[in-house]
Amino acid sequence: MDNELWIILLPIILLPVFFAMGWFAARVDMKTVLKQAKSIPSGFYKSLDALVDRNSGRAARELAEVVDGRPQSYDLNLTLGKLYRQRGENDKAINIHRTMFDSPDTVGEKRARVLFELARNYQSAGLVDRAEQIFLGLQDGEMAHEARQHLLHIYQQDRDWEKAVETARLLSHDEQTYQFEIAQFYCELAQASLFKSNFDAARFHIGKALEANKKCTRANMILGDLEYRLGNFPAAVDAYAAIEQQNHAYLSMVGEKLYEAYAAQGKPEEGLDRLTGYMQTFPELDLIQVVYEKSLLLKGEKEAAQTAVELVRRRPDLNGVYRLLGLKLSDLNPAWKADADMMRSVIGRQLQRSVMYRCRNCHFKSQAFFWHCPACNKWQTFTPNKIEV
C-alpha cells in the first residue's frame, strides 16, 4: 500500500523541480539569444539598411568593415564578394573569393560554393574560358544544376549550339524539359547549314528541331526556305502552310515566300488567294502590303486598292490608316491632297516611334525581329507582327 502511495505522490512532489528546470533552461536560452544579438556588429545592420535604400556602394563599404573585423567569417566574405560582383567590381570579387578558396577552412560543400561564385566572377569579368572550366568541374557535385545553367548561358552567347543542346538535355527534368530551347538551338544549326548550302545537314537539324518541339514554327520556315532553294516548290508550300496549324501569327513572316513558291509553279493567283484568305481569317496578320503588291501585279491598281481597303477596314489600326491614306490620295479632291499628305506624314513618323516588335517576357522593343531576345535571353518571345507600343 505504501509503495502505491509513493507512485501516486512522486509526480506531484517532483512537479516544482520540473518547473524550476524548465524556467532555468528558458533563461539560459534567452541569455544566449541576447548575447548573440549583441555580438552582431552595427555595420551589418547599416549594410542591410543601405541595400534596402538601393545604395550598393555604401552597403559594400559597411559590410567590408564588418568583414575586416571577422576575416574568418565564411558567409560574410561570400556575400561581400557577390555584392562587389553585382556592382561591377569584378577584381575585388575575384580577390575575395580566391582568398576564401585558398583558405584551409574552406572544404567540402563550402569549397564548391566558393568555386561557383568565383566562376560567376570570371563570367561577369568577360573571362568566359576560365568560368567555363570551373563550371565544367562542378558538374559532378551538389552545384551541378546551377553550373549547367551558367554553361548553357555561355554556350548561347558563344553560339556553340551543339554544346547548348547537350547541356540543355542534362538540365532537363520533369518540371522543365528545355525542349522548346533545344528546338531553337537546332534551328540555329539548320540556319547555319542552309547558309553554307549544306542541305543534308540543314534537313537533319530541322528534323531534330521538330522532334524536340512539333510546334516550332521557325523549323518549318527554314524547311520552306530549304525546299524552295532545292526547287521543290510544292514541298515549300506545304512547309510554309503548316505554320497555320502551329501558330498562325507567324504566317505574316512567310507570306511573300509562300506566294513566290506558288508563283514558281505557275500558280500566282492561287498564292494570292491563299494570302487574302489568311488576312480575312486572321485580320491581325501584317500581310496587307504583300497582298496589295501582288494584287497590283496580277489584277491592276483599282482592284488591288479595293482589296487592300477592305482588309484595312476589317481591322483598322495606325498601320492600316497610313496605308489607306496612301491608297486614297490619288482619288481626293486637289484641295484636300496637301492636308491628307501632311496627315499621312505625321502618322508615318508616329509609326516609326510606336509600332514595333515587342518581347512578351520583358517588353523590350525593337524595329527588328529577334528569335532570341537580346534583353532577357528568352526564345521566341517577340511578337511576330509589329504592334502599337
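The structure presented is a predicted model; accordingly, all values stated were derived computationally and were not measured.

Caption draft 1: Just the overall build of the protein, in detail. Across its full length, the protein holds 20 helices and three strands. Burial analysis of the protein (389 residues in total) assigns 40% to the buried set. A sequence separation of at least 24 residues applies to 46% of the contacts in the protein between residues at least 6 apart. Of the roughly 22,700 Å² of accessible surface on the protein, a fraction of 53% belongs to carbon and sulfur atoms.

Caption draft 2: Representation of the pairing of strand S1 (residues 355-358) within the structure. As paired strands, S1 and strand S3 (residues 387-388) are joined by two bridges and run antiparallel to one another. Each bridged residue has a counterpart across the sheet, and for Met356 the counterpart in S3 is Ile387. Pairing of S1 with strand S2 (residues 365-366) involves two bridges; the strand directions are antiparallel. Residue Arg358 lies in a different strand from S2, and its bridge partner there is Lys365. Connecting the antiparallel pair S1 and S2 is a turn made up of six residues, with His363 showing a positive phi of about 70°.

Caption draft 3: Looking closely at unusual backbone geometry. Of note in this structure, His363 is not a glycine but carries a positive phi near 70°. The topology assignment puts His363 in the loop between S1 and S2. We classify His363 as partly exposed; its relative accessible area is 47%.

Caption draft 4: Just the side chain of Gln139, in detail. When you line up the elements, Gln139 lands in the loop between helix H7 (128-137) and helix H8 (144-157). The buried category is assigned to Gln139, whose relative accessible area is 17%. A distance of 2.9 Å separates polar atoms of two side chains, one belonging to Gln139 and the other to Arg148.

Caption draft 5: How the structure looks around the packing of H7 against H8. Where H7 contacts H8, the two axes come as close as 9 Å, and the packing angle between them is 145°. H8 is crossed by H7, and the crossing has left-handed handedness. For the pair H7 and H8, the contacting residues are Val128, Ala131, Glu132, Phe135 and Leu136 in the first and Ala147, His150, Leu151, Ile154 and Tyr155 in the second. Here the residues of the contact of H7 with H8 sort into eight nonpolar, one polar and one charged.

Caption draft 6: How the structure looks around the sheet that holds S2. Strands sit in the order S2-S1-S3 across an open sheet of three strands; the sheet is antiparallel. The two strands at the open ends of the sheet, each matched to only one other strand, are S2 and S3.

Rules and cut-offs
Residues numbered from 1 in each chain as written. Predicted model: local features only at pLDDT ≥ 70, side-chain atom pairs only at ≥ 80, totals over all residues. Heavy atoms only, no water. Helix = DSSP H or I, 4+ residues; strand = E, 2+ residues; numbered from the N terminus. Buried < 20%, exposed > 50% of the residue type's maximum accessible area, 1.4 Å probe, protein only. Contact = heavy atoms within 4.5 Å. Areas by Shrake-Rupley, 256 points an atom, 1.4 Å probe, with all protein chains shown as cover. Pairing = 2+ DSSP bridges. Polar contact = N/O pair within 3.5 Å; in protein donor to acceptor, adjacent residues only side chain to side chain. Axes fitted to C-alpha atoms, helices over the stretch in contact; angles between N-to-C directions. Left-handed = near helix turned anticlockwise from the far one by under 90°. Nonpolar A, V, L, I, M, F, W, Y, C, P; charged D, E, K, R; others polar.

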